[in-house]
Amino acid sequence: QVQLVESGGGSVQAGGSLRLSCAASGYTVSTYCMGWFRQAPGKERERVASINSIDTTTYTDSVKGRFTISKDNAKNTLYLQMNSLKPEDTAMYYCAAARDRRFCPSSVGNNYWGQGTQVTVSS
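Residues numbered from 1 in each chain as written. Predicted model: local features only at pLDDT ≥ 70, side-chain atom pairs only at ≥ 80, totals over all residues. Heavy atoms only, no water.

### What about the overall build of the protein?
Our working definition: Only runs of H or I of at least four residues qualify as helices and only runs of E of at least two qualify as strands under DSSP, and these elements are numbered from the N terminus. We compute the radius of gyration over the C-alpha atoms and compare it with the globule rule, which gives 2.2 Å times the number of residues raised to the power 0.38. Only protein chains enter the calculation, and the probe is 1.4 Å; a residue is then buried if its accessible area is under 20% of its type maximum, exposed if over 50%, and partly exposed in between. The contact rule is simple, with two residues in contact once any of their heavy atoms fall within 4.5 Å. Residue-level accessible areas treat just the shown protein chains as cover; the underlying method is Shrake-Rupley with a 1.4 Å probe. The charged-residue count follows a simple rule in which Lys and Arg add positive charge and Asp and Glu add negative charge, with His and chain termini not counted at all. In plain terms, the charge of a residue is placed at NZ if it is Lys, CZ if Arg, CG if Asp and CD if Glu.
In terms of helices and strands, the protein carries zero helices and eleven strands. Along the protein, from the amino end to the carboxyl end, the secondary structure elements read β-β-β-β-β-β-β-β-β-β-β. Here the protein has a C-alpha radius of gyration of 13 Å; the compact-globule value for 123 residues is 14 Å, and the two agree. The principal-axis extent of the C-alpha atoms belonging to the protein is close to 40 × 30 × 25 Å. Within the span of the protein, comprising 123 residues, buried residues form 38% of the whole. Sequence separation of at least 24 residues holds for 57% of the intrachain contacts in the protein that already meet a minimum separation of 6. For the protein, the accessible area works out to roughly 6,500 Å², and carbon and sulfur atoms hold 43% of it. Across the protein, 13 positive and 9 negative side-chain charges occur, with their mean positions spaced 3 Å apart.

Shown next as structure tokens:
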């Protein structure tokens, strides 16, 4: 059974930082592409960042230069370092893991999903 457990969310003021973690079990983080998604009230779920098996990363434009996705293969854990947070970053953040080694997770794809962790940024 694959399990993804997010942690590290919370409430911060604008300009602050948080680091989200996604601990995986029953799944080898180093072998697959993984990503972070978020969903704010009234908005569709969007992919924030992804990282593949050779550490190639992608980011949505709104977080480039502020967020960094990474893996610690020894700990089998995915991270999202979030700096210079803005109120518009407020959302539920979800860890996702691809089921197919050829592709990265997508919002509507057949991914494994964590339960989510809330990030709230006040102005």
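### Let's talk about the sheet that holds strand E3 (residues 18–25)
In a beta sheet, neighbouring strands are held together by backbone hydrogen bonds and run either parallel or antiparallel to one another. Spelled out, the test is: In this analysis, strands are considered paired if DSSP registers two or more bridges between them. Here the axes come from fitting lines to C-alpha atoms, over the contacting stretch only for helices, and the angles between their N-to-C directions go from 0 to 180 degrees.
With antiparallel pairing, the four strands of this open sheet are ordered in space as E1-E3-E8-E7. Every other strand in the sheet has two partners, leaving strand E1 (3–7) and strand E7 (67–72) as the edge strands with one partner each. With direction set aside, neighbouring strand axes in the sheet form an average angle of 15 degrees.

### Section: the nonpolar core
The condition is simple: Note on terminology: a nonpolar core comprises buried Ala, Val, Leu, Ile, Met, Phe, Trp, Tyr and Cys residues joined through side-chain atoms within 4.5 Å.
Judged by nonpolar contacts, the single largest core of 28 residues is most densely connected at Met34, Trp36, Phe67, Leu78, Leu80, Met82 and Tyr93. Those elements that place two or more of their residues in this core are E3, strand E4 (34–39), strand E5 (46–51), E7, strand E8 (77–82), strand E9 (91–97) and strand E11 (117–122).

### A word on the packing of aromatic side chains
Spelled out, the test is: Stacked, edge-to-face and tilted labels apply to pairs of Phe, Tyr and Trp rings (six-membered ring for Trp) whose centres lie within 6.5 Å, assigned for plane angles under 30 degrees, over 60, and everything in between, in that order. Comment: the charge-over-ring label is applied if NZ (Lys) or CZ (Arg) is within 6 Å of the ring centre and within 35 degrees of the ring normal.
Here the structure, examined in full by the defined rule, presents four aromatic pairs. Pairing Tyr27 with Tyr112 gives two aromatic rings, centres 5.8 Å apart and planes at 80 degrees, and the pair type is edge-to-face. In this pair, Tyr27 is assigned in the loop between E3 and E4 and Tyr112 in strand E10 (residues 112–113), connecting sequence segments 85 residues apart. Geometry around Trp113 places Arg45 over its ring, the cationic atom sitting 4.2 Å from the centre.

### A closer look at the pattern of salt bridges
Applicable threshold: By convention in these notes, a salt bridge is any Lys or Arg side-chain nitrogen within 4 Å of a carboxyl oxygen on Asp or Glu.
A complete count under the given rule lists five salt bridges for this structure. Its salt-bridge partner being Arg38, residue Glu46 comes within 2.8 Å of it at the nearest N-O pair. For Asp100, the salt bridge goes to Arg102, with nearest N and O atoms at 2.8 Å. On the basis of relative accessible area, Asp100 is assigned to the partly exposed category, the value being 28%. The exposure class of Arg102 is exposed, given its relative accessible area of 65%. Each member of the salt-bridge network shares a partner with another, and the members are Arg38, Glu46, Arg66 and Asp89.

### Let's talk about the state of the cysteines
Put simply, the rule is: In this description, a disulfide is simply a cysteine sulfur pair whose atoms lie within 2.5 Å.
In this structure the tally under the stated criterion is two disulfides. Between the sulfur atoms of Cys33 and its disulfide partner Cys104 the distance amounts to 1.9 Å. Across the S-S bond of Cys33 and Cys104 the torsion is about 90 degrees, and the bridge reads as right-handed. With Cys33 in the loop between E3 and E4 and Cys104 in the loop between E9 and E10, the pair connects residues that are 71 residues apart, well separated along the chain. Since its relative accessible area comes to 4%, Cys33 is described here as buried. Sequence-ordered numbering of the bonded cysteines in the protein yields a pairing of 1-3, 2-4.

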